[in-house]
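Single-letter residue listing:
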Amino acid sequence: MSPLKPPRARRVAVVGGARVPFARSDGPYATASNQEMLTAALDGLVERHGLQGPGAVGEFVAGAVLKHSRDFNLARETVLGSTLDPRTPAYDVQQACGTGLQAVIAAANKIALGQTESAVAGGADTASDAPLGVNDRLRRILLEARRAKSPGARVKALAKIRPAHLVPDIPRNAEPRTGLSMGEHAAVTARAWGITREAQDELAAASHQRLAAAYERGFFQDLVVPFRGLARDQNLRPGSTVEKLAALKPVFGLDAPGPTMTAGNSTPLTDGAATVLLASEEWAEARGLEPLAYLTAYETAAVDFVDGDVAGGEDGLLMAPAYAVPRMLERAGLGIEDFDLVEIHEAFASQVLATLAAWEKRGLAPVDRARLNTAGSSLATGHPFAATGARVVATLAKLLAERGGPGRGLISVCAAGGQGVTAILERT
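What this report covers is the structure whose coordinates are included nearby.

So, how was this worked out
Residues numbered from 1 in each chain as written. Predicted model: local features only at pLDDT ≥ 70, side-chain atom pairs only at ≥ 80, totals over all residues. Heavy atoms only, no water. Phe/Tyr/Trp six-rings, centres within 6.5 Å; stacked < 30°, edge-to-face > 60°. Helix = DSSP H or I, 4+ residues; strand = E, 2+ residues; numbered from the N terminus. Buried < 20%, exposed > 50% of the residue type's maximum accessible area, 1.4 Å probe, protein only. Patch = residues over 30% accessible without salt bridge, like charges linked within 9 Å, V, L, I, M, F, W, Y side chains within 5 Å. Areas by Shrake-Rupley, 256 points an atom, 1.4 Å probe, with all protein chains shown as cover. Salt bridge = Lys/Arg side-chain N within 4 Å of Asp/Glu carboxyl O. 1 Å grid on protein atoms, 1.4 Å probe; cavity = no way out; pocket = protein on both sides within 12 Å on 5 of 7 lines; lining within 4 Å. Points joined across faces, edges and corners; volume = space filled by probe spheres on them. Expected span 1.5 Å × (residues − 1). Contact = heavy atoms within 4.5 Å. Polar contact = N/O pair within 3.5 Å; in protein donor to acceptor, adjacent residues only side chain to side chain. Core = buried A, V, L, I, M, F, W, Y, C linked by side-chain atoms within 4.5 Å. Axes fitted to C-alpha atoms, helices over the stretch in contact; angles between N-to-C directions. Parallel < 35°, antiparallel > 145°, perpendicular 65-115°, else oblique. Left-handed = near helix turned anticlockwise from the far one by under 90°. Nonpolar A, V, L, I, M, F, W, Y, C, P; charged D, E, K, R; others polar.

Considerations on the packing of aromatic side chains
Now for step 1: Considering all chains together, one arrives at four aromatic pairs under this definition.
Now for step 2: With a centroid separation of 5.0 Å and an interplanar angle of 70°, the aromatic rings of Tyr29 and Phe227 are classed as edge-to-face. Of this pair, Tyr29 sits in the loop between strand 2 (23-24) and helix 1 (34-49) while Phe227 sits in the loop between helix 7 (197-216) and helix 8 (242-246), placing them 198 residues apart in sequence. Here Tyr29 matches Phe227 in class, with each residue buried.
Now for step 3: When the centroid spacing of 5.0 Å and the interplanar angle of 85° are considered together, the rings of Phe219 and Phe220 count as edge-to-face.
Now for step 4: Overall, the relative accessible area of 1% leaves Phe219 in the buried class.

With respect to a nonpolar patch on the surface
Now for step 1: Together, Val134, Leu142 and Leu158 line one region of the surface with nonpolar side chains, adding up to about 230 Å² of accessible area.
Now for step 2: Assignment of secondary structure puts Val134 in the loop between strand 5 (118-125) and helix 4 (136-147).
Now for step 3: According to the relative accessible area criterion, Val134 is partly exposed, its value standing at 46%.

Some remarks on the layout of surface pockets
Now for step 1: By volume, the second largest pocket amounts to about 340 Å³.
Now for step 2: If you go around the second largest pocket, you meet 16 residues; those closest to its centre are Asn173, Phe252, Thr267, Pro268 and Leu269.
Now for step 3: Mapped onto the lining of the second largest pocket, the elements with two or more residues apiece are helix 6 (182-193) and strand 6 (250-252).

Remarks on helix 10 (residues 321-332)
Side chains that are three or four residues apart share a direction in an α-helix, a result of its 3.6 residues per turn.
Now for step 1: Taking 1.5 Å of rise per residue, 12 residues should cover 16 Å, and helix 10 covers 16 Å from first to last C-alpha, within 8% of that figure.
Now for step 2: Turning to helix 10, its buried residues number three or more, namely Pro321, Ala322, Ala324, Val325, Pro326, Met328 and Leu329.
Now for step 3: Residues of helix 10 that are buried make contact with strand 9 (293-302), helix 11 (349-361), strand 11 (407-415) and strand 12 (419-427).
Now for step 4: Following helix 10 by one or two positions, Gly333 adopts a phi angle in the positive range, close to 70°.

Points about the environment of Asn373
Now for step 1: If you trace the backbone, Asn373 turns up in the loop between helix 11 and helix 12 (378-381).
Now for step 2: Assessed through its relative accessible area of 3%, Asn373 is described here as buried.
Now for step 3: Counting along the chain gives 57 residues from Asn373 to Gly316, while the straight-line C-alpha distance between them is 22 Å.
Now for step 4: If near-sequence neighbours (up to four positions away) are discounted, Asn373 is found in contact with Arg210, Val342, Glu343, Ile344 and Glu346.
Now for step 5: Engagement of the side chain of Asn373 in a polar contact is seen with the side chain of Glu346, the distance being 2.9 Å.

Remarks on unusual backbone geometry
With glycine set apart, most residues show a phi of negative sign, and most peptide bonds adopt trans.
Now for step 1: One non-glycine residue, Arg228, lies in positive phi territory at about 50°.
Now for step 2: The partly exposed category is assigned to Arg228, whose relative accessible area is 35%.
Now for step 3: You will see that Asn373, though not glycine, has its phi angle at about 45°, which is positive.

Description of the nonpolar core
Now for step 1: Core analysis: the biggest nonpolar cluster contains 48 residues, and Leu101, Phe220, Val276, Leu278, Ile411 and Leu425 have the highest contact counts within it.
Now for step 2: Ranked by residues supplied to this core, first place goes to helix 3 (residues 99-112) with nine residues.
Now for step 3: What Leu425 contacts, discounting residues up to four positions off in sequence, is Val14, Ala293, Tyr294, Leu295, Val393, Leu396, Ala397, Leu400, Gly407, Arg408, Gly409 and Ile411.
Now for step 4: Grouped together as the second largest cluster of nonpolar side chains are 37 residues, Leu38, Leu42, Leu45 and Leu74 included.

A look at the packing of helix 6 against helix 11
Now for step 1: For the pair helix 6 and helix 11, the least separation of the axes is 9 Å and the interaxial angle reads 45°. As the angle between them shows, helix 6 and helix 11 are arranged oblique. Considering only the axes of helix 6 and helix 11, their crossing is left-handed. Between helix 6 and helix 11, the residues in contact are Ala186, Thr189, Ala190 and Trp193 and Ser350, Ala354, Ala357, Ala358 and Lys361, respectively.
Now for step 2: Here the residues of the contact of helix 6 with helix 11 are counted per class, giving six nonpolar, two polar and one charged.

Re helix 7
Now for step 1: With 20 residues, helix 7 extends 29 Å between its outermost C-alpha atoms, agreeing within 8% with the 28 Å of an ideal straight helix rising 1.5 Å per residue.
Now for step 2: All buried positions along helix 7 are accounted for by Arg197, Gln200, Asp201, Leu203, Ala204, Ala205, Ser207, His208, Leu211, Ala212, Ala214 and Tyr215.
Now for step 3: Buried residues along helix 7 sit in contact with strand 1 (12-19), helix 8, strand 6, strand 7 (261-262), helix 11 and helix 12.
Now for step 4: A positive backbone phi angle near 80° is found at Gly218, which sits one or two residues after helix 7.

Quick look at the structure:
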């Protein structure tokens, strides 16, 4: 018997996207769950691309970073609550801030290998409805009571409960290995790379101004689905200027002289959800859907932000894209100069600027700022952790399609845990 030949990889088309406007935490979406937001985004995608009916989509891949126990099967429950065919298989992925892009990659791999013809990928996160854990001491007492063999032993165990045990464990935006928040880690990296306050504020102001301009010209009309009274990203400040941002006080890196990171050049805690439709060329053509772009390469990386060269900036928590992108470009035979557009997730302005500097240190050409985040990014939209990757893919694909001819775009997303997820979109 002759061995099976490996399947020929097919091109994966990005057909479209849909997301709800992103909202600041404890605001308009304060009572909205991950599932509710993700369902609204998915329903918007279904309506705009005619995905109703049996077997319209091969599968749904999505995730969330801040998940309640009720979200254990988030993607599947979202399908069951949406207008998508309830027979659509679904599963969850999670890779911190890279979740949305990693979901896209997981779906794309199956399409490329011919295992499915189409898929929807995405993610959702709510900082407003973050899960609160039972105090660990209380948890241990309750488990002891559950294991008790008699009513007396159960009462004896429960008698150990004290008022202090009723205080819940509040989720912290901190790395378990270091105890430092993402902002504090970014402040260390900013100092290591000599990132100035003025440069950060300039990038933040540009993000708001470009996002505002994109909304004004109707760019997001077929990408954003109104939800709970919002039609635009709530964090958007069209009047942002370097002068206004310069008036804000630093909030990270206060343990060292000359702190530079403020609430204005850092992303706020955000609620939201995003989805993106992927398909084979044949599937899209059969349904009269014009691909916006094609996903042609992707790469992930991780750094040792615990024991690596953190003080020197090389292994800062959010610096993994500094390794992933050069590796991906070498494999693809490309340089930065070969890209018409570059999308870098703006967790912090300082992190974007440090990444750009690191790419140059590794031999890549400087990024033309006129090509960077041309429709704004996370500093302006906000950053619901798992939703950002799908937002970026859909935005970049449409930006490339708008150009009308061949083009190429680069995506770079940093993530908690010292990870990075990167990808390339192309039009030929």
